[in-house]
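Coordinate inspection notes
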Amino acid sequence: MKNPIQMIKQCVEKEEPYFLLRGQDICALPAIKAYYEAIKDKVTDPYFIEEIEEIMKDFQAFRDEQGADIPD
């Protein structure tokens with residue numbers, strides 16, 4: 001998985017917008033699932049699709065263990 005801190009630094013350097021979701025955000029998992037549905041037919045790199053699947057699993061596990069609350 002890519003280093004998110006490095007990705008944010010690159011965005012800041014390029015003045016490129018970015019978007020961050022946290023595990024405690026109750027809307028995060030549905031947003032990631034929607035993103036997955038949007039990319040799975042458009043992205044040809046299976047590794048990228050697997051990364052998104054792993055992210056969904058991580059967010060689901062966090063929600064199951066810690067719960068989720070209103071967005072920050």
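Preceding this paragraph is the structure being described.
The rules behind the values
- Residue numbers here run from 1 along each chain, matching the order of that chain's written sequence.
- In keeping with the predicted nature of the model, local features appear solely for residues at pLDDT of at least 70, side-chain atom pairs appear and are counted solely at 80 or more, and the whole-chain, interface and lining totals rest on all residues.
- In computing side-chain values, all of the structure's heavy atoms are included and hydrogens and water are not.
- Note on conventions: DSSP H or I runs of at least 4 residues are helices, E runs of at least 2 residues are strands, and numbering of each starts at the N terminus.
- Exposure categories follow from relative accessible area, calculated using a 1.4 Å probe and restricted to protein chains: below 20% of the type maximum is buried, above 50% is exposed, and the middle band is partly exposed.
- Contact criterion: two residues are considered in contact whenever any of their non-hydrogen atoms come within 4.5 Å of each other.
- Using a 1.4 Å probe, accessible areas were evaluated by the Shrake-Rupley method; residue-level cover was limited to the displayed protein chains.
- Counted as positive: Lys and Arg. Counted as negative: Asp and Glu. His and the chain ends are not counted at all.
- The atoms used to mark charge sites are NZ of Lys, CZ of Arg, CG of Asp and CD of Glu.
- The nonpolar core is taken to be a set of buried Ala, Val, Leu, Ile, Met, Phe, Trp, Tyr and Cys residues, with the residues joined through side-chain atoms within 4.5 Å.

Across its full length, the chain holds three helices and zero strands. Overall, the chain shows an N-to-C arrangement of helices and strands of α-α-α. With respect to the principal axes defined by its C-alpha atoms, the chain has extents near 35 × 30 × 20 Å. Of all 72 residues assigned to the chain, the portion counted as buried reaches 17%. Put simply, of all contacts in the chain between residues at least 6 apart along the chain, 62% involve residues at least 24 apart. Carbon together with sulfur atoms contributes 56% to the accessible area of the chain, which is approximately 5,800 Å² in total. Treating the 9 positive side-chain charges of the chain as one cloud and the 16 negative ones as another, the clouds have centres 2 Å apart.

Our focus in this paragraph is the nonpolar core. Ala-28, Leu-29, Ile-32, Tyr-36, Ile-39, Ile-49, Ile-52, Met-56 and Phe-59 form the largest nonpolar core, which has nine residues in total. Put simply, the parts of the chain that give this core at least two residues each are α2 (28-39) and α3 (46-66). For this core, the leading source of residues is α2, giving five residues. Ignoring any residue separated from it by four or fewer positions in sequence, one finds Ile-49 in contact with Tyr-36, Ile-39, Lys-40 and Val-43.

At Glu-15, a residue that is not glycine, the phi angle is positive and equals roughly 55°. Along the chain, the position of Glu-15 falls in the loop between α1 (4-14) and α2. Look at Glu-15 and you get exposed, because its relative accessible area is 73%.

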